[in-house]
Every structure is written in structure tokens, then in C-alpha cells.
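Observations on chain architecture
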Amino acid sequence: MNLSLKGKRILLGITGSIAAYKAPFLVREFIKQGAEVRVIMTESASKFVTELTLQNVSKNDVVTDMFDKTLQENGSWHIHLAHWCDCFVIAPCSANSLAKIAHGFADNALMALVLALPKEKPLYIFPAMDTDMWLHKVTQKNCNTIVMHGGAIFPPDSGELASGMVGEGRLPEPSDIVSKITDDLLSRKSLKSFLKGKKVLITAGPTYERLDAVRFIGNFSSGKMGFALAEEALNSGAEVTLITGPVHIDTIIGVHRIDVQSAEEMFEQVCNNFSHYDLAIFSAAVADYTPKNPLEEKMKKENTGEELTITLKKNPDILAWAGKTKSEHQRIIGFALETDNEIEEGKAKMKRKNCDMIIINKANAPNSGFGGDINTITIMAKDGEYKHYQPLTKKECAKEIITKAIQLF
Ligand code: C5P
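Now for a description of the structure that goes with this document. Not measured: the values here are computed from a predicted model. (Residues numbered from 1 in each chain as written. Predicted model: local features only at pLDDT ≥ 70, side-chain atom pairs only at ≥ 80, totals over all residues. Heavy atoms only, no water.)

Another point: the overall build of the protein chain. Helices and strands together make up the secondary structure of the protein chain, namely 15 helices and 21 strands. Overall, the protein chain is about 75 × 55 × 45 Å in size when its C-alpha atoms are taken along their principal axes. Of all 409 residues assigned to the protein chain, the portion counted as buried reaches 50%. Pairs at least 24 apart in sequence give 67% of the contacts found in the protein chain among residues at least 6 apart. Entry remark: accessible area of the protein chain is about 20700 Å², with carbon and sulfur atoms responsible for 51%. (Helix = DSSP H or I, 4+ residues; strand = E, 2+ residues; numbered from the N terminus. Buried < 20%, exposed > 50% of the residue type's maximum accessible area, 1.4 Å probe, protein only. Contact = heavy atoms within 4.5 Å. Areas by Shrake-Rupley, 256 points an atom, 1.4 Å probe, with all protein chains shown as cover.)

Moving on, we get to the packing of helix α4 (residues 77–84) against helix α6 (residues 109–116). Axis separation between α4 and α6 bottoms out at 9 Å; the angle between their running directions is 60°. One way to sum up the angle between α4 and α6 is to call them oblique. Regarding α4 and α6, the two cross each other, and that crossing is right-handed. Judged by residue contacts, W77, H78, I79, L81 and A82 of α4 engage A109, A112, L113 and A116 from α6. Here the contact of α4 with α6 is built from residues that sort into eight nonpolar, one polar and no charged. (Axes fitted to C-alpha atoms, helices over the stretch in contact; angles between N-to-C directions. Parallel < 35°, antiparallel > 145°, perpendicular 65-115°, else oblique. Left-handed = near helix turned anticlockwise from the far one by under 90°. Nonpolar A, V, L, I, M, F, W, Y, C, P; charged D, E, K, R; others polar.)

Turning to the site of the ligand, a few remarks are in order. Around the ligand lies a shell formed by F282, A284, V286, D288, P316, D317, I318, L319, G334, F335, K349 and K353. Between F335 and the ligand, the recorded distance is 2.8 Å, taken from a backbone N or O atom to an oxygen atom. With respect to the ligand, the side chain of K349 contributes an N or O atom lying 2.3 Å from an oxygen atom. Grouping the constituent residues of the shell around the ligand by class yields seven nonpolar, one polar and four charged. (Near = heavy atom within 4 Å. Polar contact = N/O pair within 3.5 Å; in protein donor to acceptor, adjacent residues only side chain to side chain.)

Within strand β3 (residues 87–93), seven of the seven residues are buried, which leaves it mostly tucked inside the rest of the structure. Taken together, the four bridges between strand β1 (residues 9–14) and β3 define a ladder with parallel strand orientation. Its bridge partner being in β3, L12 is matched across the sheet by V89. With four bridges joining them, β3 and strand β4 (residues 123–127) adopt parallel strand pairing. Within β4, the residue paired with I90 across the bridge is I125. (Pairing = 2+ DSSP bridges.)

Once that is clear, we can look at the pairing of strand β19 (residues 377–381). Burial within β19 is extensive, with four of its five residues counted as buried. Of the pairings in the sheet, the one linking strand β17 (residues 357–362) to β19 comprises five bridges and is antiparallel in character. The partner of I360 across the bridge, within β19, is T378. Pairing of β19 with strand β20 (residues 386–388), which is carried by three bridges, proceeds in the antiparallel orientation. The residue of β20 that forms the bridge with M380 is Y386. Turn length for the β19-β20 hairpin, with the two strands adjacent in sequence and antiparallel, is four residues, and the turn residue G384 shows positive phi of about 90°.

This next bit is on the sheet that holds β4. The five strands lie next to each other as β2-β1-β3-β4-β5, forming an open sheet whose pairing is parallel. Each having just a single partner strand, β2 (36–41) and β5 (152–153) make up the two edges of the open sheet. Strand direction decides the pairing type here: β1 and β2, joined by six bridges, are parallel. Along β2, the bridge assignment pairs I14 with M41. The strands touched by helix α1 (residues 23–32) are β1, β2 and β3; relative to β1, the strand with the most contacts, the crossing angle is about 175°. Against the sheet, α4 makes contact with β1 and β2, and its axis sits at roughly 140° relative to β2, the strand it touches most.

Attention shifts here to the environment of T325. Assignment of secondary structure puts T325 in helix α13 (residues 318–325). Classification of T325 by relative accessible area gives partly exposed; the value is 41%. Distance in space between the C-alpha atoms of T325 and F274 is 9.0 Å, their sequence separation being 51 residues. Engagement of the side chain of T325 in a polar contact is seen with the backbone oxygen of W321, the distance being 2.5 Å.

With respect to the secondary-structure elements, S221 resides in the loop between β10 (216–217) and α10 (224–235). A sequence separation of 48 residues divides S221 from E173, and the C-alpha atoms of the two residues are 39 Å apart.

Our focus in this paragraph is the environment of P172. Examined against the element boundaries, P172 turns out to sit in the loop between β7 (166–170) and α9 (174–191). Note on P172: relative accessible area 0%, which makes it buried. Residues P172 and P316, 144 residues apart in the sequence, show an inter-C-alpha distance of 51 Å. Non-local contacts of P172, meaning those with residues more than four positions away in its chain, are made with K22, F126, D157, I177 and K180.

Right, let's talk about the packing of aromatic side chains for a bit. Within this structure, the stated rule accounts for five aromatic pairs. On the basis of an interplanar angle of 90° and a centroid distance of 5.7 Å, the ring pair of F267 and W321 is categorised as edge-to-face. You can see F267 sitting in helix α11 (residues 263–273) and its partner W321 sitting in helix α13, a full 54 residues away along the chain. Accessibility expressed as a relative area gives 24% for W321, which makes it partly exposed. Aromatic pair F274 and W321: ring centres 5.6 Å apart, planes at 65°, arrangement edge-to-face. A residue pair is termed long-range when its members are at least 10 positions apart, and F274 in the loop between α11 and β13 (279–282) and W321 in helix α13 qualify at 47 residues. Ring pairing ties together the aromatic residues Y124, F126 and F154, which thus form one cluster. Against the face of W84 rests R38, its NZ or CZ located 5.6 Å from the ring centre. K199 extends its terminal NZ or CZ atom over the ring of Y277, reaching a point 5.2 Å from the ring centre. (Phe/Tyr/Trp six-rings, centres within 6.5 Å; stacked < 30°, edge-to-face > 60°. Lys NZ or Arg CZ within 6 Å of the ring centre and 35° of its normal.)

Just distances and angles here, no functional claims.
Printed below as a string of C-alpha cells:
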């Protein structure tokens, strides 16, 4: 028999959603696949399904009260449990618990465990609730926040709900939950050390081109795609350096971060570092032009009059430079943000800049490009073969890109 989760230790969090009645079946499904399961419930969850049932099916004590005397014996029970598990699955996850996770609450045992979970251990969340609650902007925003902090959200299924209404919000069947988790755990395992020993250089974010002492020309790039790539490369075992323009994203622990402002500064850093790297991914939105004569002082409108002409000069094309300079063992990946004719443009760009792969995305499409957490990408290989992807979170895009990048070696 093929036990897909053999030896895996799964922490299952259950929250107060009517779908909690499926949780015992989920526990049995995990166990059937060879996993060991420990259950942690919120108080509301225990109104829908009993602790006793879950204790029996999981064959382990269930945690509901974080101050329970029997838990305190060895101290810091939440830290021990968080370190014990291979992954933390929350199914079903209510709107309330999603909100708490997004904002770092630790007011019950389950929430304390979410915060205590070590960064490298996956957090899988399966929301289940009424359609309007699920589609509410606040719930969606909370999901985005959780994804940005490294959690994986598996959207609910559509179908009949406990209220009798039909729509999005159903908890997927236990067997589907188990196969989604198995797939993800396996892909992580297979990716884990593929870039071990490889050095990866990534550019990210916008560049700011100085006009005067207080002004610049910039763009709306958030840097999210480049940071997600850096994290994924790190998770695949690589040594990662991230050269980033001005962004509002926390530094990823384990990634060497170099902050720059202008295209010229980014170019200088790439030139200094490039030869030491096996793979370079150029996801930065680098300004093509920069003011020719930036002023040291602040420009005054009294001196410039009704119209102002600024002369721009061309910036170095960093990716094109890398394409010309790279040696045989090095691979480079570029990005092509296009408004029209993206496949042809991407193909031409790959050739012009001598890339080994290019990631095409549309600048003017919904769920694509700058700013948001979602991107719609097409990955094109050197021979022009390409694959379109459905809109994915930037983290998921990064996973696809790094998986393909591994195949370049
Ligand atoms: O030619 P275009 O700017 O559309 O090409 C986009 C790709 O080139 C991206 O990978 C971007 O990071 C890179 N690029 C660069 N230096 C520039 C302009 C673009 O590295 N000055």
C-alpha cells in the first residue's frame, strides 16, 4: 500500500465553522495515509464536534484550553507542539480565526500555535464559511495578509452550504484536503535541496531616479515578486543575494539584502556581484531613463515657469549587460512586462538580452503586474516554448519559476 503521508506529523487545528463536523473524517484520512495527528481546537469548534471524538480518532489528547493543567507539565507546550509537527493544517478555518491569524492574535491555544510555528514549517489553511463572509473584502484582505506572511490558503469549494444557500464557502472533502497537502509537502521535499550549493542573485522593486534634492521619477513596482523569488530560492537550498530598489517589505531572514535607489546603483551592485553567481533573476522594474542633470538643491517653481522640460538620458540595461557578460555555467532569467503582443515581445526580448528563460506578464490586465499579491505569468523557455498560468499569488508564481529554473542546471 502506498502511504502518501507515512511518518508525517500533522497538527490539525479546528475552528468554529459548521464544517468542523468533517474534521474527524479528515483525521482518519490523514491516519490512513500513514500520518500521526494531534488536534487542537478552538472553544467554538468544540460546539460543533466533541473533543472526545477527536481524541478517539486521533488517538492523542486534544488541546482546547491553553491553560489546561495537564499541558503545563513540561512548560511551553505550544513551542514543543509547533516544533514536533511537519505542518500545521487548519481545517475548517472560520472568518474569525482568519482575521486573528492575519493580525497575530494569540488569545487561544490554536492562535498561539500559529505564532509559534517555525518559519520553515508549512501552514495550510482551509477556510469554510458562508459565501458573503468569504467574499467580504475584509476576509479577502486577511487572506492576502496571511499569504504575504508565508501561509498557504486553499480557497473553499463551491456548492451547497449549511444555510441551504449555494455558493463558495464549502470545506473541500477530506480526501481532497489530504491530496492537496500531500502534493505540496512532496513538492517542497523535492525542491528542498535542488539549488543546494548554487548562488542566486535577484533584482527586485522599482528604481528611483533623482530629479532634485527631494524628487524622483519612479514606478509602482512593490518588489513583492522579487522577494517571493528570493524566499523560494532560499527554500530550495540556494545562497541568495537580493538587490532591491526602495520597497516596504521586511528583509527575509537568510537572504543577503543590498538596498539601492537608482538604476545606476543597481547596475553597480550587479556588476560587482554577478560573476560569483550561478543564476540571476532580474525582476526589478528598472527605469529606462534618468534625469541627465539632477539638481543638488530643490527645484523652485518660481525659477522654472509654466512649463518644465527635463532632459533624460538612458540608463544601463542591466539584464542585457548580464546576457552579454555571462559565462557558460551561468543562467539568467528576465521579466517582460508587456501591454500587447506579449508572446512575440517576450520572445524578442529573450533573444535580444540573451536570457535562458523569460517571465512574461501583462501590464494592463487584472491580477497581473505591479503592486498586488496576484500575478498572471507565462513562463517562456529559451527555445520559445511557453506555458500560461492562471492567476496565482506571487508566492505561487515564485514556486513555479524556481521549479523551472532548477531545470536550467
Ligand atoms: O526591456 P525591458 O525593460 O522591458 O526588459 C525588462 C527586463 O529587463 C526585466 O527583467 C528588467 O529587470 C530588466 N531590465 C534591466 N535593466 C534595465 C531595464 C530592464 O535589468 N535598465
